[in-house]
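# Commentary on secondary and tertiary structure
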Amino acid sequence: MNSTRGAAAANQSPKGGIAFDGEPGMIAEARHFTADFLAQVRTGYGEALSGRLIGTAQLVVSELVTNARKYAVGPCLLDLELADDMVEITVWDSNSTLPLARAADPGRVGQHGMEIILSLCDGFDVRRELVGKRITVRLAVAA
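The paragraphs below set out a description of the structure included in this document. Residue indices begin from 1 for each chain and proceed along its sequence in written order. With pLDDT at 70 or above as the cut-off, local features in this predicted model cover only qualifying residues; side-chain atom pairs require 80 or more to be listed or tallied, and sums for whole chains, interfaces and linings still use all residues. Excluding hydrogens and water, the side-chain figures rest on all heavy atoms present in the structure.

### Things to note about the environment of Arg 69
To be explicit about the condition: Helix numbers and strand numbers start at the N terminus; a helix is a DSSP run of H or I with at least 4 residues, a strand a run of E with at least 2. Whether two residues are in contact is decided by their heavy atoms: any pair within 4.5 Å suffices.
Tracing the backbone through its elements, the reader meets Arg 69 in helix H2 (residues 51-71). When the C-alpha positions of Arg 69 and Gly 22 are compared, they lie 5.9 Å apart, and in sequence the two are 47 residues distant. Leave out the neighbours within four places in its chain, and Arg 69 touches Gly 22, Glu 23, Pro 24, Met 26 and Ile 27.

Structural data, given as structure tokens:
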């Protein structure tokens, strides 16, 4: 882990972020960071975030960070924000190849991450950056 940012000032939407160097424990660390951030938002901002939402956010983060670790060499950034009744999860990595959701195939072993993410999210955006790509997933707070 390189750095973290705590929740934003009280008059702004809560934001947090963390940077990883691609180390082996980054996936678990990203899940813990997500749970801790959303717990702080729940208690510090009085937001009604369900345990189910927190678990879903951890699953989405796990899938995105796993893909970043598996397919991109080097750093990965995770940003979280509560905005407009949505939890926004943004992951940046250094690989400019856009992710591909495959057609459902119960016989396929692995490579179901994008299918899982798309089935859980209320919004999905991916864009190439000068270096790599940035994926943003939105989860509705009131699901």
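Having seen it, we continue.
### Things to note about the pairing of strand S5 (residues 123-128)
One face of the sheet, then the other: side chains in a regular strand alternate in exactly this way. Stated formally: When DSSP finds two or more bridges between two strands, those strands count as paired.
Note: S5 against strand S6 (residues 133-140), 6 bridges, orientation antiparallel. Paired with Arg 127 across the strands is Arg 134, a residue of S6. Hairpin connection from S5 to S6: 4 residues lie between these consecutive antiparallel strands, with Gly 132 at a positive phi of about 80°.

### Structural notes on the packing of H2 against helix H3 (residues 113-120)
So the rule is basically this: To get an axis, fit a line to the C-alpha atoms, keeping to the stretch in contact for a helix; angles then go from 0 to 180 degrees between the N-to-C directions. Should the near helix be turned counterclockwise from the far one by less than a right angle, the crossing is left-handed, whereas a clockwise turn marks it as right-handed. Residue polarity follows a fixed list, in which Ala, Val, Leu, Ile, Met, Phe, Trp, Tyr, Cys and Pro are nonpolar, Asp, Glu, Lys and Arg are charged, and the others, Gly among them, are polar.
Taken N-terminus to C-terminus, the directions of H2 and H3 make an angle of 150°; their axes are 10 Å apart at the nearest point. Note on packing geometry: the crossing formed by H2 with H3 is left-handed. Judged by residue contacts, Thr 56, Leu 59, Val 60, Glu 63, Leu 64 and Asn 67 of H2 engage Gly 113, Met 114, Ile 116, Ile 117 and Leu 120 from H3. Class assignment of the residues belonging to the contact of H2 with H3 gives a composition of 7 nonpolar, 3 polar and 1 charged.

### Focus: the side chain of Thr 136
We count it as follows: Relative accessibility thresholds used throughout: buried, under 20% of the residue-type maximum; exposed, over 50%; partly exposed, between the two (1.4 Å probe, protein chains only).
Inspection of the secondary structure puts Thr 136 in strand S6. Note on Thr 136: relative accessible area 11%, which makes it buried. With near-sequence residues (within four places) excluded, Thr 136 lies in contact with Glu 88, Ile 89, Thr 90, Gly 123, Phe 124 and Asp 125.

### Quick notes on the nonpolar core
Here is the rule: The criterion is simple. A nonpolar core is a set of buried Ala, Val, Leu, Ile, Met, Phe, Trp, Tyr and Cys residues joined through side-chain atoms within 4.5 Å.
By size, the foremost hydrophobic cluster in this structure holds 32 residues, and its most contacted members are Leu 64, Leu 78, Ile 89, Val 137 and Leu 139. Looking at this core, the elements with two or more residues in it are strand S2 (15-20), helix H1 (26-44), H2, strand S3 (76-83), strand S4 (86-93), H3 and S6. Residue contributions to this core peak at 8 residues, all from H2.

The values are spatial; any link to function lies outside them.
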